[in-house]
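# Structure at a glance
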Amino acid sequence: MILYTTMPQEFIFPTEAESITKQQTVTYQGVSLIVEQTDSQNVQVVRILSTDPQHYLDERICPGAKISCASIQGLSANF
């Protein structure tokens, strides 16, 4: 089946609620990110929340990149 639509994929095929509850908004080097805990000391970038195009070219914060929890502002302990 082929579905032709202008709607984003997230509206047609919603993600699981459990995966959204694992995500948290944090600030890393002045850039707001949505991250997900991978282990006790690292998080993985899910999405960049910025309007600056240069942030999307930074390999340290690209989606899928792992960041140490010690260098992140706004990360809660009950993550």
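Structure: above.
So, here is what we can say about the structure in this document. (Residues numbered from 1 in each chain as written. Predicted model: local features only at pLDDT ≥ 70, side-chain atom pairs only at ≥ 80, totals over all residues. Heavy atoms only, no water.)

### Some words on the pattern of salt bridges
Heads up, the rule is: Any Lys or Arg side-chain nitrogen found within 4 Å of a carboxyl oxygen on Asp or Glu counts as a salt bridge.
For the structure on display, the rule yields one salt bridge. Of the charged contacts in the structure, one is a salt bridge between R60 and D58, with a shortest N-O distance of 2.8 Å.

### Description of the pairing of strand β3 (residues 42–48)
For clarity, the cut-off: Following DSSP output, two strands are said to pair if at least two bridges run between them. Secondary structure follows DSSP: runs of H or I at least 4 residues long count as helices, runs of E at least 2 residues long count as strands, and numbering of each begins at the N terminus.
Bridge analysis of strand β2 (residues 31–37) against β3 gives five bridges, and the strand direction is antiparallel. Among the inter-strand pairings, V35 is bridged to a residue of β3, identified as V45. Here β2 folds back onto β3, and the loop between the two strands holds four residues. With three bridges connecting them, β3 and strand β4 (residues 66–68) associate as antiparallel partners. In the sheet register, Q44 faces β4, and the bridge partner there is K66.

### Notes on the sheet that holds β2
Counted only if it meets this: What counts as an axis is a line fitted to C-alpha atoms, over the stretch in contact for a helix, and the angles between N-to-C directions run from 0 to 180 degrees.
Across the sheet, four strands lie side by side as β1-β2-β3-β4; this open sheet has antiparallel pairing. The sheet terminates laterally at β1 (23–28) and β4, the two strands that pair on one side only. Strand-to-strand, the axes of this sheet are offset by a mean angle of 50 degrees, without reference to chain direction. With six bridges joining them, β1 and β2 adopt antiparallel strand pairing. Of the residues in β2, the one forming a bridge with T27 is S32.

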